[in-house]
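# Structural overview for review
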Amino acid sequence: MDTLSYKTISANASTVEKQWVVVDAQAAILGRLASEVAKILRGKTKPSFTPNVDCGDNVIVINADKVRLTGDKWDAKVYVRHTGYPGGQRISTPRLLKQKSSAILIEKAVRGMLPKNRLGSKLYGNLYVYEGSEHPHAAQQPKAITL
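As named in an unreviewed UniProt entry, the chain is Large ribosomal subunit protein uL13, taken from Algoriphagus lacus. What the UniProt record of the chain gives under Function (unreviewed entry) is the line "This protein is one of the early assembly proteins of the 50S ribosomal subunit, although it is not seen to bind rRNA by itself. It is important during the early stages of 50S assembly." Note on the chain: under the UniProt heading Subunit (unreviewed entry), the record states "Part of the 50S ribosomal subunit."

Encoded structure:
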């Protein structure tokens, strides 16, 4: 039978083309920025996206200290964790996390938007967040994109 046939091409570790991308977080809203970064990390912006393969790009986020939150989320939003001991619930706000490091805010937001499995852990390793405008990845010749 001579009909037109389309084959679905699935990417694998040897056929994936990974690039380096720089995203500027200056004046960006945290959730909107994290959503776009998670899509790039996952590879959903590429035509060769395969759900079970790390086909996303390496993402460098700069100016993490200039990220914004809307409304009163600096004090109203809470991050809850548990130490594992009785009475060990700990609560922190974005303002407290920013005092430690602004990179933690973006890392937590992006981490929550990635798959909760081994692939998600591997994808998270492709994220590099820096508070200033300088980063040590100039040798990779990253491409700057605007979101």
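Attention now moves to the packing of aromatic side chains. All chains considered together, the criterion is met by one aromatic pair. Between Trp-20 and Tyr-128, the aromatic rings sit 5.4 Å apart at their centres with planes inclined by 25°, giving stacked as the arrangement. Of this pair, Trp-20 sits in strand S1 (residues 20-24) while Tyr-128 sits in strand S5 (residues 127-129), and the two are 108 residues apart along the sequence. Over the face of the ring belonging to Tyr-124 we find Arg-111, whose NZ or CZ atom lies 4.1 Å from the ring centre.

What follows concerns helix H4 (residues 102-111). Considered for burial, the residues of H4 that qualify are Ser-102, Ala-103, Leu-105, Ile-106, Ala-109 and Val-110. In an axial view of H4, the angular spread of the buried residues amounts to 155°, which keeps them on one side of the axis. Those residues of H4 hidden inside the fold are in contact with helix H1 (30-42), strand S2 (58-62), helix H2 (73-76), strand S3 (79-82), helix H3 (94-100) and S5.

Bringing the side chain of Lys-46 into the picture now. In this fold, Lys-46 is placed in the loop between H1 and S2. The class of Lys-46 is buried, set by a relative accessible area of 17%.

Here the focus is the environment of Tyr-6. Mapped onto the elements of the fold, Tyr-6 is located in the segment before S1. Sequence-wise, Tyr-6 and Ser-35 are 29 residues apart; in three dimensions their C-alpha atoms are separated by 32 Å.

Our focus in this paragraph is the pattern of salt bridges. As enumerated under the stated definition, the model contains four salt bridges in all. Residue Asp-57 is joined to Lys-46 by a salt bridge in which the shortest nitrogen-to-oxygen separation is 2.8 Å. Residue Asp-57 is found in the loop between H1 and S2, and its partner Lys-46 is found in the loop between H1 and S2; the two are separated by eleven residues along the sequence. By relative accessible area, which is 5% here, Asp-57 ends up buried. With a closest N to O distance of 2.8 Å, Arg-95 and Asp-75 form a salt bridge. Pair noted here: Arg-95 is in helix H3 and Asp-75 is in helix H2, with a separation of 20 residues, a long-range link. With relative accessibility at 40%, the residue Arg-95 sits in the partly exposed group.

A word on the environment of Asn-63. With respect to the helices, strands and loops of the structure, Asn-63 is situated in the loop between S2 and H2. Of the residues examined, Asn-63 reaches a relative accessible area of 5% and is grouped as buried. Residues Asn-63 and Ser-14, spaced 49 residues apart in sequence, show a C-alpha to C-alpha distance of 33 Å. Ignoring any residue separated from it by four or fewer positions in sequence, one finds Asn-63 in contact with Asp-24, Ala-25, Gln-26, Tyr-130, Glu-131, Gly-132 and Ser-133. Here Ser-133 takes part through its backbone nitrogen, which lies 3.5 Å from a polar atom of the side chain of Asn-63.

In this section: the sheet that holds S5. If you trace the four strands from one edge of the open sheet to the other, you get S5-S2-S1-S6, paired in parallel fashion. Every other strand in the sheet has two partners, leaving S5 and strand S6 (143-145) as the edge strands with one partner each. Between one strand and the next, the sheet's axes are offset by a mean angle of 25°, whatever the strand orientation. In this sheet, S2 lies alongside S1 in parallel orientation, the contact comprising five bridges.

Criteria and cut-off values
Residue positions are counted from 1 within each chain, in the order its sequence is given. For a predicted model such as this one, the threshold for reporting local features is a pLDDT of at least 70, and the threshold for listing and counting side-chain atom pairs is 80 or more; totals across whole chains, interfaces and linings nevertheless cover every residue. To get the side-chain values, all heavy atoms of the structure are used, and hydrogens and water are removed first. UniProt positions are given in the numbering used here, feature names are shortened, and annotations may be inferred rather than shown by experiment. Stacked, edge-to-face and tilted labels apply to pairs of Phe, Tyr and Trp rings (six-membered ring for Trp) whose centres lie within 6.5 Å, assigned for plane angles under 30 degrees, over 60, and everything in between, in that order. Counting from the N terminus, the helices are DSSP H or I runs at least four residues long and the strands are E runs at least two residues long. Working rule: Lys NZ or Arg CZ, within 6 Å of ring centre, within 35 degrees of ring normal, means a charge sits over the ring. Each residue is placed in one exposure class: buried if its accessible area under a 1.4 Å probe, protein chains only, is under 20% of its type's maximum, exposed if it is over 50%, and partly exposed if it falls in between. Regarding the arc, it is the one traced by the directions from the helix axis to the C-beta atoms. By the convention used here, residues are in contact when the closest approach between their heavy atoms is within 4.5 Å. Whenever Lys or Arg places a side-chain nitrogen within 4 Å of a carboxyl oxygen from Asp or Glu, that contact is recorded as a salt bridge. Whenever two N or O atoms come within 3.5 Å, that pair is a polar contact, provided that in protein one can donate a hydrogen and the other can accept it, and provided that, for residues adjacent in sequence, both atoms are side-chain atoms. Criterion used throughout: strands pair if DSSP finds at least two bridges between them. Here an axis means a line fitted to C-alpha atoms, over the contact stretch when the element is a helix, while the angle between two N-to-C directions is reported on a 0 to 180 degree scale.

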